[in-house]
Amino acid sequence: MWKIGQRGVPYFKRLISAPFTTLRSLPTSLVETGQNRVIDASLTLIRERAKLKGELVRLIGGAKATTALLGVPLGHNSSFLEGPALAPPHVREAIWCGSTNSTTEEGKELKDPRVLSDVGDIPVQEIREMGVDDDRLMNVVSDSVKLVMEEEPLRPLVIGGDHSISYPVVRAVSEKLGGPVDILHLDAHPDIYDRFEGNYYSHASSFARIMEGGYARRLLQVGIRSINKEGREQGKRFGVEQYEMRTFSKDRQMLENLKLGEGVKGVYISIDVDCLDPGFAHGVSHFEPGGLSFRDVLNILHNLQGDLVGADVVEYNPQRDTADDMTAMVAAKFVRELAAKMSK
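In this text, all values refer to a predicted model and were calculated from it rather than measured experimentally.

Caption draft 1: Summary view of the sheet that holds strand β2 (residues 116-121). Strand order in the open sheet formed by eight strands is β2-β1-β3-β8-β7-β4-β5-β6, and the pairing between neighbours is parallel. Strands at the two margins of the open sheet, each flanked by one partner only, are β2 and β6 (241-244). Between one strand axis and the next, the sheet turns through 15 degrees on average, direction left out of account. The strands touched by helix α3 (residues 87-95) are β1 (66-72), β2 and β3 (154-160); relative to β1, the strand with the most contacts, the crossing angle is about 140 degrees. Sheet contacts for helix α9 (residues 248-255): β5 (216-224) and β6; angle to β6, the most-contacted strand, approximately 125 degrees.

See below:
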């Protein structure tokens, strides 16, 4: 059966490039007015959805923290393939597809809105069609996350999208809480280049932006197995704790007993699906053999001690997945277990 992912990126490129050509022929003031209206409408959409879900949770009562699912279908900052822009609907479908029950491994029921509420997607492609640049787009992502956090007790769990979205999300969480967080970052790559291929917002540079901004006190990177000289130098520059796969057997006990977030505003977890060995997750843009098993990651997550204030699951690429969307199920499982960890 034909899938949207089979045409995805070329379709998006055609969709976006045509309006850009038209926009250049219009008066600047008219274009700016249109951009502002689209951005305002986008933020209103997220605000009203968050209000509705927050009101429902407060009405039911008994929740100190509720996971709020927010999709950011952005893929154009990828250095190789842009398929992660197509990920959020696939992950949502996998969460609720019925092939498994809605109870997490720790016994929480996902159908309870106090455990998991969904505030929808930021309309990234519609915003880009209006010629909005990445500076403003990243601000929209940050503002959307802050709108979610304004509705107690909602906490953001973001589905990407490529890894560039972690920067505006972490920035928003840190600014909204009033201080830095500790970050647990699971990935095959450190994503800490200063500007990968000249792109300030590259998915390979997101954690350089986070550390430069002072949004994290500690950054622990786990699963690393594709790192070069710049990655190690940048890690030293920012004081990053990099745990490479070549030493995982030695580091395992420590990593499965982490205690984070003391003295800061909480813990943020960022999971790039390619932290897993490709045998566990085929649907990613960058195949990097020798990675973590799915159970390795869950052991780290389940045993982590700390107040989880935000998280993201990124870099699932439906265009590279199997015909039955097996990796979507993997990404969905990450979402499910993170939701259980965050909600209380």
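Resuming the write-up.
Caption draft 2: Quick look at the packing of α3 against helix α11 (residues 326-342). One way to put it is that α3 packs onto α11 with a least axis distance of 8 Å and a crossing angle of 75 degrees. One finds that α3 runs roughly perpendicular with respect to α11. For the pair α3 and α11, contact is made by His90, Val91, Ala94 and Ile95 and by Ala328, Met329, Ala331, Ala332, Val335 and Arg336, respectively. In the contact of α3 with α11, the residues fall into eight nonpolar, one polar and one charged.

Caption draft 3: Focus on the UniProt feature "binding site: Mn(2+)" (unreviewed entry) in the protein. This chain's UniProt record puts "binding site: Mn(2+)" (unreviewed entry) on His163, Asp187, His189, Asp191, Asp272 and Asp274. Spanning 112 residues, the annotated positions come together in the fold, the maximum distance between their C-alpha atoms being 12.2 Å. Secondary-structure assignment places Asp272 in strand β7 (residues 267-272). Asp272 gets classed as buried once you look at its relative accessible area, which sits at 2%. In this structure Asp272 touches His163, Leu186, Asp187, Asp191, Val314 and Glu315, once residues within four positions along its chain are discounted. The residue Asp274 is located in the loop between β7 and α10 (294-303) in this model. Discounting residues that sit within four places of it in the chain, Asp274 has contacts with Asp187, Ala188, His189, Arg225, Val284 and His286. Reaching out from Asp274, the side chain makes a polar contact with the side chain of His189 at a distance of 3.4 Å.

The rules behind each value
Residues numbered from 1 in each chain as written. Predicted model: local features only at pLDDT ≥ 70, side-chain atom pairs only at ≥ 80, totals over all residues. Heavy atoms only, no water. Pairing = 2+ DSSP bridges. Helix = DSSP H or I, 4+ residues; strand = E, 2+ residues; numbered from the N terminus. Axes fitted to C-alpha atoms, helices over the stretch in contact; angles between N-to-C directions. Contact = heavy atoms within 4.5 Å. Parallel < 35°, antiparallel > 145°, perpendicular 65-115°, else oblique. Nonpolar A, V, L, I, M, F, W, Y, C, P; charged D, E, K, R; others polar. UniProt positions renumbered as here; feature names shortened; annotations may be inferred. Buried < 20%, exposed > 50% of the residue type's maximum accessible area, 1.4 Å probe, protein only. Polar contact = N/O pair within 3.5 Å; in protein donor to acceptor, adjacent residues only side chain to side chain.

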